[in-house]
Amino acid sequence: MGLEIERKFLVRGDFEPMVARRSRIVQGYLCSDEVRTVRVRICGDEAFLTIKSATNERGWSRYEFEQTIPLADAEELLTLCCSGVIEKVRHWIPFAGHTWEVDIFYGDNAGLVMAEIELPSEDEPFEKPCWVGEEVSGDPRYYNAMLSRHPFSQWEK
């Protein structure tokens, strides 16, 4: 099982000119609690089943197991999810030796735009593009599993 090291940020500017590719993502959670999540995701014409542990105290690292599954199975599994389905378009942006992933959310999470960067270690230095805003890595409100239960549209603004 691999270790996922990821930092999350709000997006506060125009990233579109830097986008290398994009894909629509639909995902839901078969299990989501403080200890683990079990997610099914369709990304373009591929599908995945992913199991993740809880994050560390900083909210940066967690164990992750991901397996490719047949698209038809993923579509069926999405009907079994325990809360709302997340809909977003992911944009991949190469910048300063790393790849940033920017998600524009739709449906009940419309209006939320987040950037993520995966790193090989927690102490890996990285440069933030000018359109990256406040870091929200340790804030559970921004975890996708939480957004499926408590969507952005229901937050007090």
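Data block above holds the structure.
Here goes a summary of the coordinates provided.

Structural notes on the overall build of the protein
- Across its full length, the protein holds two helices and nine strands.
- Ordering the α and β elements of the protein from the N terminus gives β-β-β-β-β-α-β-β-β-β-α.
- Taking 2.2 N^0.38 as the reference for a compact globule, 157 residues should give roughly 15 Å; the C-alpha atoms of the protein span a radius of gyration of 15 Å, in line with that estimate.
- Across its three principal axes, the protein shows a C-alpha extent of roughly 40 × 35 × 30 Å.
- The 157 residues of the protein split such that 46% are buried.
- Summed over its atoms, the accessible surface of the protein is roughly 8300 Å², and 51% of this surface lies on carbon and sulfur atoms.
- Taking the average place of the 18 positive charges on the side chains of the protein and the average place of its 28 negative ones, the gap between the two points comes to 3 Å.

Let's talk about unusual backbone geometry
- Non-glycine residue Ala96 carries a positive phi angle of around 50 degrees.
- Inspection of the secondary structure puts Ala96 in the loop between β6 (86–95) and β7 (98–106).
- Relative accessible area serves as the criterion here: at 44%, Ala96 is assigned to the partly exposed category.

Comments concerning the nonpolar core
- Counting 15 residues, the largest nonpolar core has Val11, Phe15, Ile93, Trp100, Val102, Ala115 and Trp131 as the members making the most contacts within it.
- Elements supplying a minimum of two residues to this core: β1 (2–11), β6, β7 and β8 (113–118).
- Setting aside chain neighbours within four positions, we find Ala115 in contact with Arg7, Lys8, Phe9, Val11, Trp100, Glu101, Val102 and Trp131.
- Counting 10 residues, the second-largest nonpolar core is a separate cluster that includes Leu10, Leu112, Met114 and Val136.

Observations regarding the side chain of Ser83
- By the element assignment, Ser83 lies in the loop between α1 (71–78) and β6.
- A distance of 2.9 Å separates the side chain of Ser83 from the side chain of Ser148, its partner in a polar contact.
- Contact partners of Ser83, with chain neighbours within four places excluded, come to Tyr29, Ser148 and Arg149.

Thresholds applied
Residues numbered from 1 in each chain as written. Predicted model: local features only at pLDDT ≥ 70, side-chain atom pairs only at ≥ 80, totals over all residues. Heavy atoms only, no water. Helix = DSSP H or I, 4+ residues; strand = E, 2+ residues; numbered from the N terminus. Rg over C-alpha atoms; globule rule 2.2 N^0.38 Å. Buried < 20%, exposed > 50% of the residue type's maximum accessible area, 1.4 Å probe, protein only. Areas by Shrake-Rupley, 256 points an atom, 1.4 Å probe, with all protein chains shown as cover. Lys, Arg positive; Asp, Glu negative; His and termini not counted. Charge placed at Lys NZ, Arg CZ, Asp CG, Glu CD. Core = buried A, V, L, I, M, F, W, Y, C linked by side-chain atoms within 4.5 Å. Contact = heavy atoms within 4.5 Å. Polar contact = N/O pair within 3.5 Å; in protein donor to acceptor, adjacent residues only side chain to side chain.

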